[in-house]
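Fold and contact review
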Amino acid sequence: MIIALNNKSNLNKIEFEEYQNQLENIEATSQMIVCPTYLNVNAFRLKKMNLGAQNVSATTKGAYTGEISAEDLKTYHVEYCIVGHSERRQNQHESFEEINHKLLRLEENEIIPILCIGETKEEREQNKVKEILKEELESAIQDLKEKEKIIIAYEPIWSIGTGIIPTKEEIIEVFEFIKTILPNNKILYGGSANEKNIEMLKTISQIDGFLLGGLSLKPNELQTFINILENRN
Ligand code: 13P
C-alpha cells in the first residue's frame, strides 16, 4: 500500500521539525510519501519515507517569478509530486493544459506525478462523474511517454475535509472506470480517509493506497489508521 501525506499549506519551519520527529516513530510496512510545503521540502530528512512536492511549475526553469521547476525539485531529491489537486484547480484556476504541462515537466525529470481527479457534489448529483473523470484524465496524460508510471488519486471534492466519504460501491465503480482508461496504474483514494473509516476502506481491493490531508497532521491518529490498514495490533 501507498500512504501519501499531503500537508497542504500547514506546518511552519519549527512545527515541521517536530513533525518529523513524530513521523520518525511511525511504524508502517506501507510505502510512505511525505508531501510538505515547498520550503519544508528542503528540510526533509526522513530515511524511511519518500519525499513528494505539492506542486510544480508547468514550465522549465527561466523567467517565471515565484515558480519552482521540476528540474529544481529533482535536485532536492523529490521523487513524487501532487498535480491537479482540486484546491489548485479551484483556487489557482489550473487548466487542463497547465496540468498536462506539469506532468510532462515531471516526466522529463523522472519525478512520479500523483494526479488528483474528482467530481463536485453537483456533478455527482447530475450523474456526470465518469464524464468529468474521463476529461480530467485524458487531458492530463496527453503526450506522456510512460503513462503507467503516474499514480492517480481519486479525491471526490465533496469528500475533502468534510468527514463524508463515498460508499464502497461508489468507490469501486469509479476505480473500475479509471482502470478502463489506465488499466496498469496505481490508484489512491483521498477525501476524509481516517482511523474511523479505514476499516471499511481497506475492504476495497481496488484501492492501492491513500492520499491523506487532515490525518497527515495528526501522527497518533495516523499510526492508528496504519495499524488498522496493516492489521497490526
Ligand atoms: P482530507 O484528508 O483532509 O479530507 O484531505 C484530502 C486531500 O485533499 C488530500 O490531498
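Every chain is numbered independently, its residues counted from 1 as its sequence is written. In keeping with the model being predicted, local features are shown solely for residues with a pLDDT of at least 70 and side-chain atom pairs are shown and tallied solely at 80 or more, while totals for entire chains, interfaces and linings include all residues. Side-chain measures here rest on the full set of heavy atoms in the structure, leaving out hydrogens and waters.

Glancing now at the overall build of the chain. Tallying secondary structure elements over the chain gives 10 helices and 8 strands in all. With the radius of gyration taken over C-alpha atoms, the globule rule is written as 2.2 Å times the number of residues to the power 0.38. Its C-alpha radius of gyration of 17 Å places the chain within 12% of the 17 Å reference for a compact globule of 233 residues. Along the three orthogonal principal directions, the C-alpha set of the chain runs to about 45 × 45 × 30 Å. For every residue, the accessible area obtained with a 1.4 Å probe (protein chains only) is divided by the maximum for its type, and the residue is called buried under 20%, exposed over 50%, and partly exposed between those limits. Evaluated residue by residue, the chain yields a buried proportion of 52% over its 233 residues. Put simply, the chain shows about 11500 Å² of open surface, and 48% of that area lies on carbon and sulfur atoms. Working convention for charge: Lys and Arg count positive, Asp and Glu count negative, and His plus the chain ends are omitted. We put the charge of a Lys on NZ, of an Arg on CZ, of an Asp on CG and of a Glu on CD. Seen as two clouds, the 26 positive and the 37 negative side-chain charges of the chain have centres 3 Å apart. Secondary structure counts use DSSP, requiring at least four H or I residues in a row for a helix and at least two E residues in a row for a strand, with both numbered from the N terminus. The Shrake-Rupley method, run with a 1.4 Å probe sphere, supplies the accessible areas, and residue values consider only the shown protein chains as cover.

On to the pairing of strand β5 (residues 112-117), then. Taken residue by residue, a regular strand's side chains alternate between the two faces of the sheet. The element β5 is extensively covered by neighbouring structure, given that 5 of its 6 residues are classed as buried. Note on pairing: DSSP must find at least two bridges between two strands before they are called paired. Sheet topology note: the strand β4 (residues 80-83)/β5 ladder contains 4 bridges and is parallel. What sits directly across from Ile82, in β5, is Ile114. With 4 bridges connecting them, β5 and strand β6 (residues 151-154) associate as parallel partners. Note on β6: the bridge partner recorded for Cys116 is Ala153.

A few words now on the pairing of strand β8 (residues 209-212). The alternating pattern of β8 places Gly209 and Leu211 on one face and Phe210 and Leu212 on the opposite face, and all of these are buried. The sheet contact formed by strand β1 (residues 2-6) and β8 spans 4 bridges and is parallel. Across the sheet, Leu5 pairs through a bridge with Leu212, a residue of β8. Pairing between strand β7 (residues 187-190) and β8: 3 bridges, direction parallel.

All residues adjacent to the ligand are Asn6, Lys8, His85, Glu155, Ile160, Gly161, Gly191, Ser192, Leu211, Gly213 and Gly214. Definition of a polar contact: a pair of N or O atoms within 3.5 Å, with one able to donate and the other able to accept a hydrogen when the atoms are protein atoms, and with sequence-neighbouring residues admitted only if both atoms are side-chain atoms. Separating an oxygen atom of the ligand from a side-chain N or O atom of Lys8 is a distance of 2.8 Å. Gly161 is positioned such that a nitrogen or oxygen atom in its backbone is 2.7 Å from an oxygen atom of the ligand. Only Asp, Glu, Lys and Arg are considered charged in this grouping, and only Ala, Val, Leu, Ile, Met, Phe, Trp, Tyr, Cys and Pro are considered nonpolar; every other residue, Gly among them, is considered polar. Of the residues assigned to the shell around the ligand, the class counts are 2 nonpolar, 7 polar and 2 charged. By convention in this text, a residue qualifies as near a molecule or strand provided that one of its non-hydrogen atoms is within 4 Å of it.

The next point concerns the sheet that holds strand β2 (residues 31-35). Strand order around the closed barrel formed by 8 strands is β1-β2-β3-β4-β5-β6-β7-β8, with parallel pairing between neighbours. With direction set aside, neighbouring strand axes in the sheet form an average angle of 25°. Relative to β7, β6 runs parallel, the two sharing 3 bridges. Along β7, the bridge assignment pairs Ile152 with Ile187. Contacts were defined at the residue level, with two residues in contact if any of their heavy atoms lie within 4.5 Å. Axis definition: a line fitted to C-alpha atoms, limited for helices to the stretch in contact. Angles are taken between N-to-C directions and run from 0 to 180 degrees. Relative to the sheet, helix α5 (residues 96-108) contacts β4 and β5, its axis offset from that of β4 by approximately 175°.

This brings us to helix α1 (residues 13-24). Expected span of a helix, by definition, is 1.5 Å for each gap between consecutive residues, and there is one gap fewer than residues. Here α1 contains 12 residues, and its C-alpha end-to-end distance of 17 Å stays within 8% of the 16 Å for a straight helix at 1.5 Å per residue. Among the residues of α1, Phe16, Tyr19, Gln20 and Leu23 are the ones counted as buried. Down the axis of α1, the smallest arc covering the buried residues is 105°, so these residues share one side. At its buried positions, α1 is contacted by β1, β2, α2 (38-41) and α10 (219-229). The distance from a side-chain oxygen at the start of α1 to the backbone nitrogen of Ile14 is 3.0 Å, and the residue carrying that oxygen is Asn12. As used here, the arc belongs to the directions running from the helix axis to the C-beta atoms.

Moving on, we get to the environment of Lys196. With respect to the helices and strands, the residue Lys196 is situated in the loop between β7 and α9 (198-201). In sequence terms Lys196 and Thr224 are 28 residues apart; their C-alpha atoms lie 9.2 Å from each other.

As a further point, take the packing of aromatic side chains. Here the aromatic set is Phe, Tyr and Trp, taking the six-membered ring for Trp, and pairing holds for ring centres within 6.5 Å; pairs whose planes are under 30 degrees apart are stacked, those over 60 apart are edge-to-face, and all others are tilted. Taken as a whole and judged by the stated rule, the model has 4 aromatic pairs. Considering the side-chain rings of Tyr154 and Phe175, the 6.4 Å spacing of their centres and the 85° angle between planes classify their relative orientation as edge-to-face. You can see Tyr154 sitting in strand β6 and its partner Phe175 sitting in helix α8 (residues 168-181), a full 21 residues away along the chain. For Tyr154, a relative accessible area of 0% translates into the label buried. In textbook terms, an aromatic cluster arises when at least three aromatic residues are bridged by ring pairs, as seen for Tyr154, Phe175 and Tyr189.

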